[in-house]
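Observations on the model geometry
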Amino acid sequence: MSTAMCRTASWLPRVPDSPESYRINDAPDQVRREQDRLRMLSRVADGRTRRALVEVGIAPGWHCCDVGSGAGVVAAWMAEQVGPTGRVVSLDVDTRFQPPSSGVVEVRNVDIATEPIGESEFDLVHARAVLQHLAQREAVLDAMVTATKPGGWIVVSDVDWIQYDAQPVPEPFATLSRTLRDLSSRQHGYDGMWGRMLINAFASRGLNEVNGRGEVWTMHGGTDSAEWYVAALERALDVLPADVFPSGFDPRAAIAQAREPSFAILSPISVTAWGRKPDR
Ligand SMILES: C[S@@+](CC[C@H](N)C(=O)[O-])C[C@H]1O[C@@H](n2cnc3c(N)ncnc32)[C@H](O)[C@@H]1O
């Protein structure tokens, strides 16, 4: 397994004292499940993403970069917008889930935690559901700004759990959700409060025309609206020892609960922020 693949699932909790076992391996079932999950995320989030990218003015001829591009769905949509005179770079540490380079889309295997993204070369640099998972998020945001042309746009979407945690989430799902998020924060530097930091993170970097919005939706059991998250929790269970949970807790019952048609909770806030790099 390459180093790149080993980093794939850094947003999932890691088995204590076993850094190997949280990774997505090459087993066809694991790869298929992650591909399915990324497509669910795309169906849930693409409308909001496209709206923001249209608002910043994505247009034919633009050079764009999608950072942590997953299944490559946003990169493919960007390619339609920029047309044959444009360029789209689709970056991920694990490119198994997206089609290979084709047309104006160049797929690059890059670890954004340690490698540069580019130097003043893109009209638009975008990342969705990536930065909050990385302990190096501030440095990665710096690298996104560096990669943007003067006058170009940076767009970032990440969630914030403040209002999810304030609602009455039913048990046992509440315990499952809280336990795995806490574990991920302790082990990987996952930041469930990053969404609320985005506007300040953009403004403090001297970006212009900083703006953004937060959106929530109802997560209905057994539908994409909840499964993009529930499927990730389920995959974590495959590798976690039972003792991360309170004694007698049944995490599989919590997964089943979140797949009941009657299950309905509000999502975390999906915050999308954008800002423009000053002209020289
Ligand atoms: C939750 S997925 C989001 C995928 C996509 N942006 C979307 O919204 O559909 C997070 C993505 O970030 C990628 N990723 C995580 N750490 C990374 C790193 N250090 N360098 C590059 N990509 C990374 C993962 O491989 C994964 O594809």
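Residues numbered from 1 in each chain as written. Predicted model: local features only at pLDDT ≥ 70, side-chain atom pairs only at ≥ 80, totals over all residues. Heavy atoms only, no water.

Take the environment of Lys277 next. Take Lys277: it is sitting in the segment after β9 (269–276). Along the primary structure Lys277 and Glu234 are separated by 43 residues, whereas in three dimensions their C-alpha atoms are 40 Å apart. Apart from the residues within four sequence positions on either side, Lys277 is in contact with Ser120, Val145, Thr146, Thr148, Lys149, Pro150, Gly151, Gly152, Ile154 and Leu207. (Helix = DSSP H or I, 4+ residues; strand = E, 2+ residues; numbered from the N terminus. Contact = heavy atoms within 4.5 Å.)

This next bit is on the site of the ligand. Not every one of the 16 residues close to the ligand is listed here, only the nearest: Gly68, Asp92, Asp111, Ile112 and Arg128. Taking Asp111, its side chain carries an N or O atom lying 2.7 Å from a nitrogen atom of the ligand. One of the side-chain nitrogen or oxygen atoms of Arg128 is found 2.7 Å away from an oxygen atom of the ligand. For the ligand, whose unbound accessible area comes to 590 Å², protein coverage reaches 95%. The element contributing the most residues to the shell around the ligand is helix α2 (residues 28–55), with three residues. Taken together, the residues of the shell around the ligand sort by class into nine nonpolar, three polar and four charged. (Near = heavy atom within 4 Å. Polar contact = N/O pair within 3.5 Å; in protein donor to acceptor, adjacent residues only side chain to side chain. Areas by Shrake-Rupley, 256 points an atom, 1.4 Å probe, with all protein chains shown as cover. Nonpolar A, V, L, I, M, F, W, Y, C, P; charged D, E, K, R; others polar.)

Turning next to the confidence of the model for the protein. The pLDDT averaged across the protein works out to 91; a share of 92% of its residues lies at or above 70. With pLDDT under 50 throughout, residues 1–22 is counted as low confidence; its partners more than four residues away or in other chains account for 59 contacts. (pLDDT = per-residue confidence, 0-100.)

The next subject is the pairing of strand β2 (residues 87–92). Look at any regular strand and the pattern is simple: side chains alternate between the two faces of the sheet. Burial within β2 is extensive, with five of its six residues counted as buried. The sheet contact formed by strand β1 (residues 63–67) and β2 spans five bridges and is parallel. Bridging from a neighbouring strand, Cys65 pairs with Val89 of β2. Where β2 meets strand β3 (residues 105–109), five bridges bridge the pair, whose relative direction is parallel. Bridge pairing in β3 places Asp92 opposite Asn109. (Buried < 20%, exposed > 50% of the residue type's maximum accessible area, 1.4 Å probe, protein only. Pairing = 2+ DSSP bridges.)

On to the packing of α2 against helix α3 (residues 73–82). Put simply, α2 and α3 touch, their axes get as near as 11 Å, and they point 40 degrees apart. Of the two possible hands of crossing, α2 and α3 adopt the one that is right-handed. The residues of α3 that touch α2, namely those facing Ser42, Asp46, Thr49, Arg50, Leu53 and Val54, are Val73, Val74, Trp77 and Met78. Broken down by class, the residue content of the contact of α2 with α3 amounts to six nonpolar, two polar and two charged. (Axes fitted to C-alpha atoms, helices over the stretch in contact; angles between N-to-C directions. Left-handed = near helix turned anticlockwise from the far one by under 90°.)

Quick look at the packing of helix α4 (residues 137–147) against helix α7 (residues 194–203) now. Two numbers describe a pair of packed helices, the interaxial angle and the distance between the axes. Put simply, α4 and α7 touch, their axes get as near as 12 Å, and they point 45 degrees apart. Between α4 and α7, the angle is such that the two are oblique. Note on packing geometry: the crossing formed by α4 with α7 is right-handed. Residue-level contacts link Arg137, Glu138 and Leu141 of α4 to Trp194, Ala201 and Phe202 of α7. Among the residues making up the contact of α4 with α7, the classes are represented as four nonpolar, no polar and two charged. (Parallel < 35°, antiparallel > 145°, perpendicular 65-115°, else oblique.)

As a further point, take α2. Look at α2: 39 Å from first C-alpha to last across 28 residues, which is about the 40 Å you get at 1.5 Å a residue. The largest bend in α2 amounts to roughly 55 degrees and is located at Ala45. (Expected span 1.5 Å × (residues − 1). Bend = angle between axes of the 7 residues up to and from the residue.)

Burial runs high along strand β4 (residues 122–128): seven of the seven residues are buried. For the segment spanning β4, α4 and strand β5 (residues 148–160), crossover handedness is right-handed. (Right-handed = clockwise from strand over helix to strand, strands pointing away.)

Turning to the sheet that holds β3, a few remarks are in order. The strand order across the open sheet built from seven strands is β3-β2-β1-β4-β5-β9-β6, with neighbouring strands paired in mixed fashion. Each edge of the sheet is formed by a strand with only one pairing partner; in this case those strands are β3 and β6 (208–215). Strand-to-strand twist across the sheet, computed as the mean angle between neighbouring axes with direction ignored, equals 15 degrees. Of the pairings in the sheet, the one linking β6 to β9 comprises six bridges and is antiparallel in character.

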